[in-house]
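As a plain string of letters, each chain reads:
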Amino acid sequence: MKVNLLIIASLILLSSVAADSESEGGGRTIEWQVLTKQNFSSQIHLHPHLLLMVTVPWSGESRFLMKELTRAVAYKQEKLGSLKLMLMYRSNERMLADAIDAREGITFLYYHHSVSYKYQGRLRAQNILSSINSVVSLLPEELPLRPLNTPEDLKSVSCIN
Ligand SMILES: *[C@@H]1O[C@H](CO)[C@@H](O)[C@H](O)[C@H]1NC(C)=O
C-alpha cells in the first residue's frame, strides 16, 4: 500500500515536471530563464519584449503565476509570441533588485525596447498580459519612445485593459 502511494506520488511529480518543460502551442517552447547581474543588461537589450518577474525561490505564488503566464502566452501566441519570460531572484541579486525597485513581494516589470514599466495591478496572468498589450499599443514601434515616469502614468498603464 505504502509503496503504491509512493509510486503514485512520484508519477504525479514526474508529470508536473514534464508539463513545465513541455513545448506548448504550435512549437515554440516557452520557458522562463533566470537573469543574474551578469546577464541582466545584455538580455534586456537583446529582447525587445521582455517580462521580468522578481521574486524569491521559495515563493509558491510565483511558481503558480509562472505556470499561468506560460499557458496564457502560449495560447495568445500570435500577439505575444515574441514576449520573453524571465525571472530574477531578489534573494541572490539584492542590489539589482533594489535598483529596479523590486524590493518586496513579487514584482513584474515589462521591458519594451529596454524601457521598463513596472506593473502595479493584480497578480493574475490575464491582467499582467493585458497591461503589457496596452503598453505595446500605446507605444507603436515606429514612434520615438517616451518613457512613462510618474506613478500616475504607470497606474494608468496598469488600469487600461
Ligand atoms: C544568466 O546567467 C545565469 C548564471 O550565470 C544563467 O544560469 C542563466 O541561464 C543566464 N540567463 C540567460 C537568459 O542567459
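Keep in mind the model is a prediction, meaning the values are calculated, not measured. (Residues numbered from 1 in each chain as written. Predicted model: local features only at pLDDT ≥ 70, side-chain atom pairs only at ≥ 80, totals over all residues. Heavy atoms only, no water.)

(A) The arrangement of the site of the ligand in detail. Near the ligand, the surroundings consist of Gln 33, Val 34, Thr 36, Asn 39 and Gln 43. Separating a nitrogen atom of the ligand from a backbone N or O atom of Val 34 is a distance of 2.8 Å. For the shell around the ligand, the class distribution of residues is one nonpolar, four polar and no charged. (Near = heavy atom within 4 Å. Polar contact = N/O pair within 3.5 Å; in protein donor to acceptor, adjacent residues only side chain to side chain. Nonpolar A, V, L, I, M, F, W, Y, C, P; charged D, E, K, R; others polar.)

(B) Structural context of the pattern of salt bridges. A complete count under the given rule lists four salt bridges for this structure. Across the pair Asp 101 and Lys 118 runs a salt bridge whose closest N-O atoms are separated by 3.2 Å. Note that Asp 101 is positioned in the loop between α5 (94-99) and β4 (107-112) and Lys 118 in strand β5 (residues 115-118), a separation of 17 residues in sequence. For Asp 101, a relative accessible area of 36% corresponds to the partly exposed category. Connected via shared salt-bridge partners are Asp 98, Asp 101, Arg 103 and Lys 118. (Salt bridge = Lys/Arg side-chain N within 4 Å of Asp/Glu carboxyl O. Helix = DSSP H or I, 4+ residues; strand = E, 2+ residues; numbered from the N terminus. Buried < 20%, exposed > 50% of the residue type's maximum accessible area, 1.4 Å probe, protein only.)

(C) Up close: the sheet that holds β5. Taken together, the five strands give an open sheet; going across it, the order is β1-β3-β2-β4-β5, and neighbouring strands pair in mixed fashion. Two strands close off the open sheet at either side, each with one partner strand: β1 (33-34) and β5. Bridge count for strand β2 (residues 49-55) against strand β3 (residues 84-89) is six bridges, and the pairing is parallel. Note on β3: the bridge partner recorded for Leu 50 is Lys 84. Where helix α3 (residues 60-75) meets the sheet, its contacts fall on β2, β3 and β4, and the angle it forms with β2 comes to roughly 165°. Contacting β2, β4 and β5, helix α6 (residues 125-138) crosses the sheet at an angle of about 25° to β4. (Pairing = 2+ DSSP bridges. Contact = heavy atoms within 4.5 Å. Axes fitted to C-alpha atoms, helices over the stretch in contact; angles between N-to-C directions.)

(D) View of the packing of aromatic side chains. Using the criterion set out here, one finds two aromatic pairs in the structure. Pairing Phe 40 with Tyr 111 gives two aromatic rings, centres 6.0 Å apart and planes at 85°, and the pair type is edge-to-face. Taken together, the positions of Phe 40 in helix α2 (residues 40-46) and Tyr 111 in strand β4 put the pair 71 residues apart, joining distant regions of the chain. (Phe/Tyr/Trp six-rings, centres within 6.5 Å; stacked < 30°, edge-to-face > 60°.)

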